[in-house]
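So you can see what is in the structure, the chains are spelled out below.
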Amino acid sequence: MNRQSLSIALTGSGGSGVMTTGSLLLEAASRSGWYGFMSRSSGPQIRGGEAAAVIRLATEPVESPDDSFDLVLAIDPASLNRFVAEIPLREDSLIVTDSAAGRRSGGLPEVPGRVFDLPMQELAKTVQGGRPNMIALGAIAKMIGLSEASIHSALEKILASKGPDIIETSRVCVQAGLTAGTELPIFDQPQLDGASALERWSVTGNEAAGMGAIRGGVRFVAAYPITPATELLEWLASSLPRVGGVLVQAEDELASINQIIGASFGGTPALTATSGPGLALMTESIGLAVCSEVPVVIMDVMRCGPSTGIATKSEQSDLNIALNGLHGDAPHLVLAPTSVTDCLFTTQWAVHLAEAMQTPAIVLSDQSLGQTRAIVERPADVSFIAKRLVPEQFEDSYYRYAVGESGVSPMSVPGQAGGQYTADGLEHNQAGVPSSMPEDHYSQLEKRERKINDFDYGQHWADLEGSGSTAVITWGSATGPVREALSRLREQGNDVRLISLRLLAPERPLEMAEALKGVKRLLVVEQSHSRQFHRYLRSAYDLTTEVRVFNRPGPLPFRPDEIIQQLADWTGEAGT
Amino acid sequence: MSSDTLQVQLQPKEYKSAVKPVWCPGCGDFGVLGSITKALAGLHIQPENVAIISGIGCSSRMPTYLNTYGFHGVHGRALALATGLKTARPDITVIATGGDGDGFSIGGNHFLHTCRRNPNMTYIVMDNQVYGMTKGQASPTTEPNWQKGKLTPAGTGINPFQPLAIALASGANFIARCSSSDSNGTARVLMQAIEHPGFSMVQVLSPCVTFRPEQREWKNRLIPAPEEMQATSDAAEAARLLLTDEGVYTGILYKGNRPVYQPKLESSMENIAEFEEEFRI
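Owing to the predicted nature of the structure, the values given are computational and were not obtained by experimental measurement. (Residues numbered from 1 in each chain as written. Chains lettered and ligands numbered in written order. Predicted model: local features only at pLDDT ≥ 70, side-chain atom pairs only at ≥ 80, totals over all residues.)

S.K.: Would you explain the packing of helix 1 (residues 29–42) of chain B against helix 6 (residues 183–195) of chain B in this entry?
M.R.: Residue and element names in this part refer to chain B. Between helix 1 and helix 6, whose axes approach to 8 Å, the crossing angle comes to 50 degrees. Here helix 1 is positioned oblique relative to helix 6, judged by the angle of their axes. As helix 1 packs across helix 6, the resulting crossing turns out to be right-handed. Here Gly 31, Val 32, Gly 34, Ser 35, Ile 36, Lys 38, Ala 39 and Gly 42 of helix 1 lie close against helix 6, whose contacting residues are Ser 183, Asn 184, Thr 186, Ala 187, Leu 190, Met 191 and Ile 194. Class assignment for the residues of the contact of helix 1 with helix 6 results in seven nonpolar, seven polar and one charged. (Axes fitted to C-alpha atoms, helices over the stretch in contact; angles between N-to-C directions. Helix = DSSP H or I, 4+ residues; strand = E, 2+ residues; numbered from the N terminus. Parallel < 35°, antiparallel > 145°, perpendicular 65-115°, else oblique. Left-handed = near helix turned anticlockwise from the far one by under 90°. Contact = placed C-beta atoms within 7 Å. Nonpolar A, V, L, I, M, F, W, Y, C, P; charged D, E, K, R; others polar.)

See below:
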């Protein structure tokens, strides 16, 4: 494999600044030409507790965590304890820690790897106001060959709000760390000149989703703060006013969803973002949007459930509620981005689809996409924008819910004379007048289903790669590890097919049959304990192949070697 | 998006739709429907520039009976729908309508926060102190010893909700009480409510002749507030009145000058590609 990559974890106890250090490291690496990403792992504490910044740098774009880590820098030795499962190590992994730090809370856990001591506390004390995490940054920079200039420009950017004194202090600490780093092992230097020729972005999944929303035409957002969707809202709160839009901080999620339905009824494309508990609160009113045919987009940045679950960690377990949470027969759209970058595309597409079909779209992102900052190639421009079918002129009587061939009826906008109607969650006739007549119920149910079933979704319903008779089917954030596993297998001459669904509802039976043509074995990969995706596939599609499931709940991400192992075990048993 | 058509003055009846109300004969809500049409006609607001927003309940059926834009949403969320619409479309006259259960029980949180936010809209609550559509249960404004509610056969035993005092304390900018039996008087109050900036809260005592037939007597009990107490802008004075008048005074009971919620919707960006600057390495 031509790609070189380095996986680095920084751990520390609360307030030790590992997230800042990680952000600086990623920023400096990006300026040196690396691709990569940083994920966050922390407990629920606002301050305190242990935290880990989990970084992978690579010479090419990368979406998946690697199988194990090359370097761990533990600001204090005991902080690694909490992350033993999340940070797999090898015998040749390097562990750099400060044996003098945090003695009271115990030492390093028993993990494989070579341990090196770096007196970060002691070195920090030599600088007035100095901090061990900046010593760590300098040492890592030395070990992986980042230039001083790249570190300095990262400090200028990321610590800008802290003022020049803090930046200067940090610079002196980094210098001390760079010097101390000469005592530590140095990694091989990769060739990095190719990457810098292309335009690259540093973006989180939450920011990418926000950008997708604005590009798609969203100008009204109402939302209630919730982890891990909050950064998406924060980005939109400051960005929307620049394009004539607004974010309203609502009193609760019931208000959020209803405010966006109200704004969209008024003709403004609208979105809310939340996580599982908020989605549960919104479901009644998402049904209202279905019945009254008002387009809205609901971003669910998923976390471990049920209930409050693990608010800071990722899981793909809101699939059931997104697909089936609404009461009555309530056809709607469910989509999922397949990578950090794809959060932009899929959100933008969702806005376009919701508006085109006058229906709610639920977009299932998750913590591992939303809160991960990635260095990526600039996402391609796509032309999907909100374009609603609005009547130009009115006959004597306007039928808001006219049953036509496509099922999409022209939707008037307040202010249009002759277009007055009442949007209603009561079943209604074509004019929008409440009706309990069976024929009205049937025809409106059928219309609302047909408009999303018959829509032409093109190629975007799924990412399809490869053509082998073994396939892996997955969705959302699990796609990254699967894609890397299959890419490794392909390099070994073993073609395994990838099917990653971007459109989960409505079902695409014809396209799926085509995608599965010639497949003999199908491995389902998903991050949920109760196999929600597998159950969905079984109910929605004819799976005539042999099927196995590799599932586990959050928060541990899938790693490419695990998927390769699953496939190897299956092939081994079959004797081929 | 205002209409280009000639703004002709319409008669109140032209604001009504052709749909026949589901209400019982004698229901107070008929009077309120009439008052709304008179107020809109009196203010010369074209029907296409009005949106009536409601939740669930007898009085929440209101939008269907008007020839304006309307939204009949889910139970308790009318004010959230209305806030979203008004914030995104400040050019539209937004009026939320509903009952005491919809507004003060299931929708209580939105009531507090909409008063607090103070968007420029009007909220008409047709208060009949009972859940009519589900056939006669006690509501938040029901008196504690009313024993005809089948879920509370011994009475609720709990204090009624004081919507106007709470509206005042929460930040509403205009507070009035009306009687559905005085259709013209209610229309005059609604005209002022619609014209006054910010959140205008209008409680209309509107008898439920089916489950609370004794409320027919309201028209004899309700009296206009003394002249000197009408339309005060002194919140402390209004509070004293609202907490001591036993709910019998009608008229405009507070007219404040509190800041109105309306974010500016003006773009300062020529090309949304400018956002890319912050991501570019």
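S.K.: Even after reading the chapter, I still don't get the environment of A:Ala280, so can you show me in this structure?
M.R.: Topologically, A:Ala280 is positioned in helix 9 (residues 276–292). Sequence separation between A:Ala280 and A:Arg56 is 224 residues, and the spatial gap between their C-alpha atoms is 34 Å.

S.K.: Before we go on, may I ask you to explain the interface of chain A and chain B in this structure?
M.R.: When the parts come together, some accessible area is lost, and that loss is often what is quoted as the size of the interface. On the chain B side, the residues contacting the 51 residues of chain A number 47 residues. If one sorts the elements of the side of chain A that touches chain B by residue count, helix 8 (residues 253–265) of chain A sits on top with nine residues. Looking at the side of chain A that touches chain B residue by residue, the class counts come to 25 nonpolar, 17 polar and nine charged.

S.K.: Help me understand the nonpolar core in this model?
M.R.: One broad trend across soluble globular proteins is that nonpolar side chains are buried collectively. In terms of nonpolar packing, the biggest core is built from 232 residues, with A:Val297 and B:Ile175 touching the most fellow members. For this core, the element with the highest residue contribution is helix 11 (residues 342–357) of chain A, accounting for ten residues. (Core = buried A, V, L, I, M, F, W, Y, C linked by C-beta atoms within 7 Å. Buried ≥ 20, exposed ≤ 12 C-beta atoms within 10 Å, placed from the backbone.)

S.K.: Looking at this model, I keep getting lost on the sheet that holds strand 2 (residues 35–42) of chain A. Mind explaining?
M.R.: All names here are of chain A. Strand order in this open sheet of eight strands is 6-5-4-1-3-2-14-7, and the pairing throughout is mixed. The sheet terminates laterally at strand 6 (114–117) and strand 7 (200–204), the two strands that pair on one side only. In this sheet, adjacent strand axes meet at a mean angle of 20 degrees when their direction is disregarded. Pairing of strand 1 (residues 5–13) with strand 4 (residues 69–74), which is carried by four bridges, proceeds in the parallel orientation. By the bridge assignment for strand 4, Ala 9 is matched with Val 72. (Pairing = 2+ DSSP bridges.)

S.K.: Sorry, what's going on with the domain arrangement of chain A here?
M.R.: Residues and elements named next belong to chain A. Its domain assignment divides chain A into domain 1 (5–197), domain 2 (202–377), domain 3 (389–455) and domain 4 (460–574). Inter-centroid distance (C-alpha atoms) of domain 1 to domain 4 is 34 Å. Taken together, the six residues of domain 1 in the interface contact nine residues of domain 4. Partitioning the side of domain 1 that touches domain 4 into residue classes produces two nonpolar, one polar and three charged. (Domains from an automatic or database assignment.)

S.K.: Mind showing me how you'd approach the sheet that holds strand 18 (residues 497–501) of chain A here?
M.R.: To summarise the sheet geometry, strands pair through backbone hydrogen bonds and adopt either a parallel or an antiparallel arrangement. All names here are of chain A. The strand order across the open sheet built from five strands is 16-18-17-20-21, with neighbouring strands paired in mixed fashion. Edge positions in the sheet fall to strand 16 (462–465) and strand 21 (546–551), since each has one partner strand and no second. Sheet twist, expressed as the mean angle between neighbouring strand axes with direction ignored, is 15 degrees. As paired strands, strand 17 (residues 470–475) and strand 20 (residues 521–526) are joined by four bridges and run parallel to one another. Bridge pairing links Thr 470 to Arg 521 in strand 20. Contacting strand 16, strand 17, strand 18 and strand 20, helix 14 (residues 479–491) runs over the sheet at an angle of about 160 degrees to strand 17. Of the strands in this sheet, strand 17, strand 20 and strand 21 are in contact with helix 16 (residues 532–540), which crosses strand 20 at around 135 degrees.

S.K.: How should helix 7 (residues 230–239) of chain A be read in this particular structure?
M.R.: Each full turn of the α-helix corresponds to 3.6 residues, which orients residues three or four apart in the same direction. Residue and element names in this part refer to chain A. Of all the residues in helix 7, the buried ones are Leu 232, Leu 233, Trp 235, Leu 236 and Ser 239. Buried residues of helix 7, seen end-on, are gathered within an arc of 160 degrees and therefore sit on one face of the element. Those residues of helix 7 that are buried are in contact with helix 6 (205–216), strand 8 (220–223), strand 9 (246–249), strand 10 (270–274), strand 11 (296–302) and helix 12 (367–370). (Arc of directions from axis to C-beta.)

S.K.: Teacher, can you tell me more about the packing of helix 5 (residues 163–170) of chain B against helix 8 (residues 235–244) of chain B here?
M.R.: Working note: a packed helix pair is described by the angle between its axes plus the distance between those axes. Residue and element names in this part refer to chain B. Closest axis-to-axis distance for the helix 5/helix 8 pair is 9 Å, and the angle between their directions is 160 degrees. Taken together, the axes of helix 5 and helix 8 lie roughly antiparallel to each other. With respect to the hand of their crossing, helix 5 and helix 8 are arranged in left-handed fashion. Between helix 5, through Leu 164, Ala 165 and Leu 168, and helix 8, the contact on the second element is made entirely by Ala 235, Ala 238, Ala 239, Leu 242 and Leu 243. Class assignment of the residues belonging to the contact of helix 5 with helix 8 gives a composition of eight nonpolar, no polar and no charged.

S.K.: Explain unusual backbone geometry to me, please; I cannot follow it from the model alone.
M.R.: Most peptide bonds adopt trans geometry, and most residues besides glycine take a negative phi value. Residue and element names in this part refer to chain A. Cis geometry marks the peptide bond from Gly 305 to Pro 306; its omega dihedral reads 0 degrees. For Pro 306, the location among the structural elements is in the loop between strand 11 and helix 10 (319–324). Located in the positive-phi region is Glu 293, a residue other than glycine, with phi close to 60 degrees. Mapped onto the secondary structure, Glu 293 falls in the loop between helix 9 and strand 11. One non-glycine residue with positive phi stands out, namely Ser 307, at about 55 degrees. In this fold, Ser 307 is placed in the loop between strand 11 and helix 10.

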